[in-house]
Amino acid sequence: MMMATPLTMTQMIKRAEKYFPKKQVISRTANGIDRFTYKQIAERTRRLADSLQKLGVQKGDKVGTLAWNHHRHLEAYFAIPCSGAVLHTINIRLAPQHITYIINHAEDKVLLIDSDFVPLIEQCKDELSSVKAYVIMTDDKELPETTLSPVYHYEQLIEQGSNDYQYPEDIDENDPAGMCYTSATTGNPKGVVYSHRGIVLHSMALGMADSAALSEKDIAMAVVPMFHANAWGLPFAGVWFGTTLVMPGPNFTPKILAELIQQEKVTFTAGVPTIWLGMLKELEEKEYDISSLRAVLCGGSAAPKAVIRAFEQKYNIPFMHGYGMTETSPLVVISTLKSYQEDLPYEERLDIRAKQGILVPGLDIKVVGKDGEVPWDGKEMGELAIRGPWIASEYYKDERTKDAFRDGWLYTGDVVTIDEEGFIKIVDRTKDLIKSGGEWISSVDLENALMAHEAVFEAAVVAIPHEKWQERPVACVVLKQKGQVTKEELMEFLTPQFAKWWLPDDILFLDEIPKTSVGKFLKRALRDEVQVKLQKN
Ligand code: ADP
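Thresholds applied
- Residues numbered from 1 in each chain as written.
- Predicted model: local features only at pLDDT ≥ 70, side-chain atom pairs only at ≥ 80, totals over all residues.
- Heavy atoms only, no water.
- Pairing = 2+ DSSP bridges.
- Helix = DSSP H or I, 4+ residues; strand = E, 2+ residues; numbered from the N terminus.
- Contact = heavy atoms within 4.5 Å.
- Axes fitted to C-alpha atoms, helices over the stretch in contact; angles between N-to-C directions.
- 1 Å grid on protein atoms, 1.4 Å probe; cavity = no way out; pocket = protein on both sides within 12 Å on 5 of 7 lines; lining within 4 Å.
- Points joined across faces, edges and corners; volume = space filled by probe spheres on them.
- Near = heavy atom within 4 Å.
- Polar contact = N/O pair within 3.5 Å; in protein donor to acceptor, adjacent residues only side chain to side chain.
- Nonpolar A, V, L, I, M, F, W, Y, C, P; charged D, E, K, R; others polar.
- Buried < 20%, exposed > 50% of the residue type's maximum accessible area, 1.4 Å probe, protein only.
- Lys, Arg positive; Asp, Glu negative; His and termini not counted.
- Salt bridge = Lys/Arg side-chain N within 4 Å of Asp/Glu carboxyl O.

Chemist: Quick question: what am I supposed to make of the sheet that holds strand 2 (residues 33-37) here?
Modeler: Sheets are built from strands that pair by backbone hydrogen bonding, the pairs being arranged parallel or antiparallel. The strand order across the open sheet built from nine strands is 2-1-11-10-12-13-14-15-16, with neighbouring strands paired in mixed fashion. The open sheet has two edge strands with one neighbour each: strand 2 and strand 16 (358-359). The pairing of strand 10 (residues 219-222) with strand 12 (residues 268-271) spans three bridges and is classified as parallel. Across the sheet, residue A222 finds its bridge partner in strand 12, namely A270. The sheet strands contacting helix 9 (residues 254-264) are strand 1 (24-28), strand 2, strand 10 and strand 11 (244-247), and the helix crosses strand 10 at an angle near 170 degrees.

Chemist: What am I meant to see in the layout of surface pockets here?
Modeler: If a probe the size of a water molecule is rolled over the atoms, the empty space left behind becomes visible. Of the voids in this model, the second largest pocket is the one considered here, and its volume is about 950 Å³. What lines the second largest pocket is a set of 38 residues, among which K305, A306, N448, M451 and A452 lie closest to the centre. Elements that contribute at least two residues to the lining of the second largest pocket include exactly helix 10 (273-285), helix 11 (305-314), helix 12 (346-354), strand 22 (424-429), helix 14 (443-451) and strand 25 (456-466). Broken down by element, the lining of the second largest pocket gets its largest block of residues, seven residues, from helix 11.

Chemist: Just checking my understanding: could you explain the site of the ligand for this structure?
Modeler: Residues in close proximity to the ligand total 18 residues, the closest being S183, H228, G322, D414 and R429. Contacts to the ligand include H228, whose side-chain N or O atom sits 2.7 Å from an oxygen atom. Elements with a contribution of two residues or more to the shell around the ligand: strand 14 (319-324) and strand 22. Grouping the constituent residues of the shell around the ligand by class yields four nonpolar, eleven polar and three charged.

Chemist: Would you explain the side chain of K190 in this entry?
Modeler: Counting through the fold element by element, K190 comes out in strand 9 (residues 190-195). We note that K190 is buried and unpaired, the nearest opposite charge coming from E327 at a distance of 5.0 Å. Among all residues touching K190, those that are not within four sequence positions of it are C180, Y181, T182, A184, Y395, D398 and R400.

Chemist: Which parts of the structure should I look at to understand the environment of I334?
Modeler: Note that I334 resides in strand 15 (residues 331-334). The exposure class of I334 is buried, given its relative accessible area of 2%. Considering only alpha carbons, one finds I334 and K305, 29 residues apart in sequence, at a separation of 15 Å. Those residues within four positions of I334 in sequence are excluded, and the remaining contacts are D210, S211, A212, L297, M320, H321, G322, Q356, G357, I358 and V360.

Chemist: Please clarify how the sheet that holds strand 8 (residues 176-182) should be interpreted in this entry.
Modeler: With mixed pairing, the seven strands of this open sheet are ordered in space as 7-6-5-3-4-8-9. Each edge of the open sheet is held by one strand with a lone partner, namely strand 7 (151-153) and strand 9. Looking at each pair of strands side by side, their axes are set apart by 25 degrees on average, direction ignored. As paired elements, strand 8 and strand 9 share six bridges and run antiparallel to each other. By the bridge assignment, T182 is partnered in strand 9 with K190. Sheet contacts for helix 3 (residues 71-82): strand 3 (62-66), strand 4 (86-89), strand 5 (108-114), strand 6 (133-137) and strand 8; angle to strand 4, the most-contacted strand, approximately 145 degrees. Against the sheet, helix 7 (residues 196-207) touches strand 8 and strand 9, its axis set at about 75 degrees to strand 9.

This is how it looks when you write it as structure tokens:
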């Protein structure tokens, strides 16, 4: 038998301090760039852990964070779970009533808040039932004026905390380490609790050569926010591996991201497709040297083929498509080619890699159709179900658990096909599929085709109720330049690519597509907007 040493996160920060004290965390602030070594980060993390305990945070208590991606947030990422408490990352873009709900539902005892979000929490404070202290993260020496109370300055807590603090040794690998709420279509957000064990194993998966292959040699920049599924686990894995981390800080733009990649020679970066669409536009307008990138990881919604092609062919940067959910830590499948697929013509390789990919080692999936598991033929659609050690087994204190978790599997609500090689393709979210005359139309496929047109910046397709067909697709398009292409020309462009009944009934030109709090197309709002527009016409 082998030793059953616990898989806890404490080993991650300890390893960074011991083996990589000189490596850096580079953090963009509102005023410039801060550089901290892992030696400094590890010391500050211990001091923070000590101070939080002195504020009354005990084992199992939840500590909420409302913050951008920066070194202080990273310190909280370790100080909280390594001291036995639970790191609750809160999505700063949610509506105040949802923020109030999740802080109360999680029973956060302390909140760590970027000064930018103090006004937001002031709006909620009278209804917060569990919070005992507010800690403000700011570059300024003084605290901002606030009605929050009692309020502490993060840097003062770092100064006052003891560097002799020792992380407790009695943390069980199955103890909660983190939590994150995911937005629900209707009703309140749903909470997911991550265990130490899940985070450690998920981090290992990020380091595997056939997945993200994150390593000490990388300079990694998570553009995906630290409040969105733990920035896809990159801060955890990065610290453990001694990776140089670049944190893009507050209110970043494509220009800021391109400059950071150029200046800091970023090798690996990760974010949702809308980030990369914006980046491509910036790169077209101005020249940057982004040749240091060895890979761009993209997930959260389907990466348009045109984006993959542009990064690879125009900028010679490998593009990795992956799929996951808040409930899955998030990495589940990633699109790396098998060795014998490498010799296929580029278009065929692109087709494979535009799929979401194959299962990472450690997990198990199945695709369930009307009559049980679907065949691996790339055609028949079914719902993706997942299980494994970094997959949630329930929603936190939520009766909606029974809808998604059945017989030891998480049912994702994503409709997919699986091909002969095991590559998963997300056809749509169940709720976004267009049900036309008893058949299904994938909004994702239509969007991808439209975004491959050179005049198109963004495209989203939604279902509109129809008397005869039940639902019909309508496309919403944002052009790179107004008037560059007509509706008829776009229809002509789509026609040879789809069966006739798949073609959208209408194409509307918009100035902007509404986005969710994590940068995905907000189909619900778009549907309403389209209906109003169509009625007016
Ligand atoms: P939210 O529900 O707030 O969007 P998540 O980020 O957890 O929160 O979303 C997970 C969902 O995002 C998945 O269920 C799936 O529908 C979608 N998704 C994630 N990655 C991809 C991808 N690569 N392609 C298509 N859809 C994706």
